[in-house]
Structures are given as structure tokens and as C-alpha cells.
Amino acid sequence: QVQLVESGGGLVQPGGSLRLSCAASGSIFSIVTMRWYRQAPGKERELVAGITSGGRTNYAESVKGRFTISRDNAENTVYLQMNSLKPEDTAVYYCWILMSNGFSRWGQGTQVTVSS
């Protein structure tokens, strides 16, 4: 069993910052890819950012220059630093991991609300 525990969501004013964390535990094989997705009400889940085991990153165009994904391989943890937040960033944020054995797992989600 692999568990993902997310934290760091909350309510923030426009222009503010939040840092999300997602820690994996349990029967973990080598984690190849770690990603953050988000889903706003009435919308499909979308990829926000991803990072490989080698540190290669990719971002959605809507968050480039504002969000930074990073990971601590020793702690099996992925982070998402979100700066200059906008109301349209409001969503439930989910982490996702892919391990070298082909197994993937979703986190439970954490709510991010950007509002004045």
C-alpha cells in the first residue's frame, strides 16, 4: 500500500502565496514522476506541473513564472510553491506519482481558495 498525504492548502488573498506538500509513504518503489493536478468546480482535472526523478520540470502555461515544483527524493515528497495567486487558481489540488514498477497513485486533494 502506498499513501499520499497532502497539506498546505487554504484561503489566500489574490497576489498571495501558498506552498503545497505531498508526502508518499508505504511500499514505495522508485518514484519516476511526481505531478500536481487541479480541478475547479465544473471543470475537468488539469495538469499543473510535473517533475521527473532527474529534476526535469514542466508547467501549464497558466502557471508558468508563478508556480515552482520541486521534490525531495530522500523524503519521497513533492512540493508546489504557488506565488502571485489569482482567483482562477481556486481549485482542489491533487498530487500524483508514478513509480518504476508502473504503479501510480493519487492523493486525496487539498483545497486552495484565492479570494479577497
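Coordinates for the structure precede this section.
So, a few notes on the structure that sits alongside this text. (Residues numbered from 1 in each chain as written. Predicted model: local features only at pLDDT ≥ 70, side-chain atom pairs only at ≥ 80, totals over all residues. Heavy atoms only, no water.)

Looking now at the pairing of strand E11 (residues 110–114). Residue alternation in E11 divides its side chains into a buried set, Thr110, Val112 and Val114, and an unburied set, Gln111 and Thr113. In this structure, strand E2 (residues 10–12) lies alongside E11, joined through three bridges in parallel fashion. Following the sheet pairing, Leu11 is matched in E11 by Thr113. As paired elements, strand E9 (residues 91–99) and E11 share three bridges and run antiparallel to each other. Residue pairing in the sheet places Val92 in a bridge with Gln111 of E11. (Buried < 20%, exposed > 50% of the residue type's maximum accessible area, 1.4 Å probe, protein only. Helix = DSSP H or I, 4+ residues; strand = E, 2+ residues; numbered from the N terminus. Pairing = 2+ DSSP bridges.)

With that out of the way, let us pick up the state of the cysteines. For the structure on display, the rule yields one disulfide. Across the disulfide from Cys22 sits Cys95; the S-S distance is 1.9 Å. Judged by the torsion about the S-S bond (45°), the Cys22/Cys95 disulfide is right-handed. With Cys22 in strand E3 (residues 18–26) and Cys95 in strand E9, this pair connects stretches of sequence that are 73 residues apart. For Cys95, a relative accessible area of 0% translates into the label buried. (Disulfide = S-S within 2.5 Å.)

That is the geometry; function is a separate question.
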